[in-house]
Amino acid sequence: MTTLHLPLDRSSGVAIHRQIYDGLRRAILDGVLRPGQRIPSTRTLAAELAVSRLPVLTAYEQLLHECYLEGRAGSGTFVSAALPDDLLQSKTTARPERIGHPPPPVLDEGGLGPFRMSLPALDQFPHAAWSRLVARHAQALPLAQMAYGDPAGVAALRMAIAEHLRAARGVRCEAEQVLIVSGSQAALRLAAAVLLAHGDRVAMEEPGYPGARDALGTGGAEILPVPVDEEGIDVAALQRHGEQVRAVYVTPSHQYPLGMSMTAARRLALLDWAFRHDAWVLEDDYDSEYRYVSRPLGALQGMDAHERVVYIGTFSKVMFPALRIGYLVVPPALWQRFVEARLALDLFSPTLYQLALAEFLREGHFARHLRRMRGVYLKRRDALLAGLERHCGDTLTVHNADAGLHVAVLLAAGIDDIATVQRMRTIGLVATALSTCYAGDDRRSGLLLGFGGSDETRLLAATKRLGEMLRNPA
Ligand SMILES: Cc1ncc(COP(=O)(O)O)c(C=O)c1O
């Protein structure tokens with residue numbers, strides 16, 4: 001905890017709360033207070049400054065509202081971890097000496113900032129249950145579990161995942177088909193290594209998930225962008241690419257990035273295409289657990305009578321991304337090749353976390369957390385939609401908000417989304433530009449706004465700032 005040097009001038013005529021606000025803001029911008037750093041409680045600071053708590057509270061509230069600060073339930077107030085670089089280092093103020101402080105850390109792409117994509121509600125994670133299981137397994141890890149493990153993963157986890165997928169997603173699978181990997185990204189790399197040779201052609205939804213494009217292209221495969229419409233990938237357009245397509249990557253439950261789910265007719269057409277062309281379907285079911293308008297749709301894999309689908313899932317959205325555990329459900333004909341490729345890639349995933357996760361599922365924590373999070377995300381989504389309507393209605397159009405942890409919005413013609421995202425970063429907002437999800441030149445301009453990682457108050461404040469920004473030309 002820091003002792004802050006905030007000189008107050010009682011004769012200046014500037015309100016005390018304003019002086020506290022200015023002093024804190026300047027300390028943040030100058031890097032004296034660094035992103036993620038805890039600041040004193042209002043009570044402590046009021047005592048240090050010999051003022052009442054009210055002006056301190058008022059200053060903190062304003063800084064929280066402007067996202068310079070963030071509150072974490074039960075643990076205090078912190079300098080926002082998500083302050084963009086360009087906000088830092090104010091040019092207008094003299095920089096106080098930074099004695100003994102290293103320069104502020106380089107931030108990753110927006111940290112935990114409002115609208116950051118792909119973030120679950122980390123503040124709602126059941127830390128107590130999870131840490132108890134990790135500690136229990138760490139303390140009692142048998143020697144055999146400390147040695148090299150099964151490349152396919154820990155048996156208990158594979159069984160628990162197969163059970164969950166059969167019941168919740170209609171996936172047709174046995175534990176013997178479940179391969180544990182380090183997230184969907186690793187699953188896609190593995191699928192590329194097994195299924196695609198240099199020069200092979202792999203189709204992808206256009207627009208689509210850039211992470212998949214990177215992974216599938218690593219071995220020199222040619223990526224074919226195939227447009228999506230309101231029903232999902234355009235299978236007729238896929239047919240027109242001819243016989244040479246080895247595989248197709250799709251997100252049927254919740255199209256990334258536009259958000260619709262693939263209709264049953266399209267699913268059947270896609271499976272039929274795969275069967276007739278001896279091609280593979282890579283189904284990325286990345287956030288299918290969250291659907292707000294109707295029951296979650298079953299997985300495409302469950303409709304496939306010919307075992308052409310490689311199903312990919314992740315714990316990044318229901319647990320947390322840093323866990324790095326995901327899985328594939330592999331058709332039996334491909335199993336051996338996937339296991340060999342997995343061994344060649346990185347042998348196996350850390351045993352301790354697999355054991356803890358298996359128990360987390362078995363003891364019912366996972367199902368309970370999922371149920372609770374559906375309610376949390378529904379509220380967050382509704383807050384985002386209400387904020388967008390109230391503050392940004394005349395500047396953008398919501399495309400689809402039926403499922404998942406982000407909303408795609410379209411910007412008016414002529415508004416460049418990449419420039420918009422850059423401007424957003426200068427006011428502490430972290431969105432993804434829709435146009436970056438296209439491989440071809442025909443791109444729509446829009447924003448992908450994540451709502452999983454921010455509570456309703458933060459989302460509403462962020463939409464207000466977004467609306468103000470969009471109405472003021474750059
Ligand atoms: C379409 C899609 N697939 C997969 C993932 C998850 O990746 P991982 O499991 O590697 O964390 C994401 C994360 O943002 C995603 O958007």
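Quick notes on the rules
- Residues numbered from 1 in each chain as written.
- Predicted model: local features only at pLDDT ≥ 70, side-chain atom pairs only at ≥ 80, totals over all residues.
- Domains from an automatic or database assignment.
- Core = buried A, V, L, I, M, F, W, Y, C linked by C-beta atoms within 7 Å.
- Buried ≥ 20, exposed ≤ 12 C-beta atoms within 10 Å, placed from the backbone.
- Helix = DSSP H or I, 4+ residues; strand = E, 2+ residues; numbered from the N terminus.
- Contact = placed C-beta atoms within 7 Å.
- Axes fitted to C-alpha atoms, helices over the stretch in contact; angles between N-to-C directions.
- Parallel < 35°, antiparallel > 145°, perpendicular 65-115°, else oblique.
- Left-handed = near helix turned anticlockwise from the far one by under 90°.
- Nonpolar A, V, L, I, M, F, W, Y, C, P; charged D, E, K, R; others polar.
- Pairing = 2+ DSSP bridges.
- Expected span 1.5 Å × (residues − 1).

Participant: So what exactly am I meant to see when it comes to the domain arrangement of the protein here?
Facilitator: How big an interface is tends to be expressed through the accessible area that disappears when the partners come together. Partitioning the protein into domains gives domain 1 (16-87) and domain 2 (141-367). Once you take the C-alpha centre of each, domain 1 and domain 2 turn out to be 44 Å apart.

Participant: How should the nonpolar core be read in this particular structure?
Facilitator: Generally speaking, a soluble globular protein has its nonpolar side chains buried in company with each other. Formed by 108 residues in total, the largest nonpolar core has its most connected members in V248 and L328. A total of eight residues in this core trace back to one element, the largest contributor, which is helix α7 (residues 183-195). Not counting chain neighbours up to four residues away, the residues in contact with V248 comprise A203, L238, A279, V281 and L282. Counting residues in hydrophobic clusters, the runner-up holds 17 residues, among them V56, L63, L69 and V79.

Participant: Is there a simple way to explain the environment of L141 in this structure?
Facilitator: Among the structural elements, L141 can be located in the loop between α4 (127-139) and α5 (143-146). A C-alpha to C-alpha distance of 48 Å links L141 and T426, two positions 285 residues apart in sequence. If sequence neighbours within four positions are ignored, L141 has contacts with M146 and L352.

Participant: Help me understand the packing of helix α13 (residues 365-392) against helix α15 (residues 456-471), please; the structure alone is not making it clear to me.
Facilitator: Describing two packed helices takes the angle between their axes plus the distance from one axis to the other. Here α13 crosses α15 at 25°, and the two axes come no closer than 8 Å. Between α13 and α15, the angle is such that the two are roughly parallel. Here α13 and α15 pass one another in a crossing that is right-handed. Here K379, R380, A383, L384, G387, L388, H391 and C392 of α13 lie close against α15, whose contacting residues are E456, L459, L460, T463, K464, L466, G467 and L470. Across the contact of α13 with α15, the residue classes break down as eight nonpolar, four polar and four charged.

Participant: Explain the sheet that holds strand β1 (residues 38-39) to me, please; I cannot follow it from the model alone.
Facilitator: The strands making up a sheet associate through hydrogen bonds between their backbones, and the pairing can be parallel or antiparallel. Taken together, three strands build an open sheet; the order of strands is β1-β3-β2 and the sheet is antiparallel. The open sheet has two edge strands with one neighbour each: β1 and β2 (69-72). Note that β2 and strand β3 (residues 76-79) share four bridges and pair antiparallel. By the bridge assignment for β3, G71 is matched with T77.

Participant: Sorry, what's going on with helix α11 (residues 335-346) here?
Facilitator: Because the α-helix completes a turn every 3.6 residues, residues three or four places apart line up on one side. The terminal C-alpha atoms of α11, which comprises 12 residues, lie 17 Å apart, in line with the 16 Å expected from a rise of 1.5 Å per residue. Within two residues after α11, L347 carries a phi angle of roughly 65°, on the positive side.

Participant: Mind showing me how you'd approach the packing of helix α6 (residues 155-169) against helix α12 (residues 351-362) here?
Facilitator: With their axes 8 Å apart at the nearest point, α6 and α12 run at an angle of 40° to one another. Between α6 and α12 lies a crossing whose hand is left-handed. Residues A156, L157, A160 and H164 of α6 form the contact with α12, whose own contacting residues are Q354, L357, A358, L361 and R362.

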